[in-house]
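For reference, the chains in residue letters:
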Amino acid sequence: ADGVTFHVEATRDARALAHAIRARRKKAGVALKPRTPASAVLELLEHVDMVLVMTVEPGFGGQRFMRDQVEKVRAIARKAVSLGVRIEVDGGLDPETVREAASAGASVIVAGNAVFRAPDPARVIEELRKNGSDSWGSSLGP
């Protein structure tokens, strides 16, 4: 593995865990569940390489994208982008919702059911890339 992502809710000392991951020359990522506010990771941004915003409750696929998480992505992006921290979103992403997530600042997209349950997965991947990259700012890239 080139990196390790942990849930901020699953550790008592997220900063120490991020430092331990980076000490092993791996990228550190921190994830947060939908009910966890953006403020839970803002002080960690200088210590991680990526923030994963869960846009569904973790645990199983096929859930609907939680649009209220877009504002959380935007709030994190305000500080993260200038630090070079990427924002990943996972849950309920499809060619339509990826545009919302990307325009808020997400530059890493996890798509499961949208791809694997599609009659033409290659077409969906192409649409995800196009709809996401149309929204990314020049500092975010694909």
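First things first, this report covers the structure right here in the doc. (Residues numbered from 1 in each chain as written. Predicted model: local features only at pLDDT ≥ 70, side-chain atom pairs only at ≥ 80, totals over all residues. Heavy atoms only, no water.)

### Examining the packing of helix H3 (residues 69-83) against helix H4 (residues 97-104)
Packed helices, taken two at a time, are described by their axes: the angle between them and the distance between them.
So, step 1. For the pair H3 and H4, the least separation of the axes is 8 Å and the interaxial angle reads 25°. Accordingly, the angle class assigned to the pair H3 and H4 is roughly parallel. Taken together, the residues of H4 that come into contact with H3 (itself represented by Val70, Val73, Arg74 and Ala77) are Glu100, Ala101 and Ala104.
So, step 2. When grouped by side-chain class, the residues that make up the contact of H3 with H4 number five nonpolar, no polar and two charged. (Axes fitted to C-alpha atoms, helices over the stretch in contact; angles between N-to-C directions. Helix = DSSP H or I, 4+ residues; strand = E, 2+ residues; numbered from the N terminus. Parallel < 35°, antiparallel > 145°, perpendicular 65-115°, else oblique. Contact = heavy atoms within 4.5 Å. Nonpolar A, V, L, I, M, F, W, Y, C, P; charged D, E, K, R; others polar.)

### Some words on the sheet that holds strand E5 (residues 108-110)
So, step 1. The strand order E1-E2-E3-E4-E5 describes an open sheet built from five strands, whose pairing is parallel. Lying at the two open borders of the sheet, with one neighbouring strand each, are strand E1 (3-7) and E5. Between one strand axis and the next, the sheet turns by 20° as a mean value, whatever way the strands run.
So, step 2. One ladder, built from five bridges, connects E1 with strand E2 (residues 27-32); its direction is parallel. What sits directly across from glycine 3, in E2, is lysine 27.
So, step 3. Taken strand by strand, helix H1 (residues 14-23) contacts E1 and E2, and its axis lies near 170° from that of E1.
So, step 4. On the sheet, H3 packs against E2, strand E3 (50-54) and strand E4 (86-90) and is oriented at approximately 170° with respect to E3. (Pairing = 2+ DSSP bridges.)

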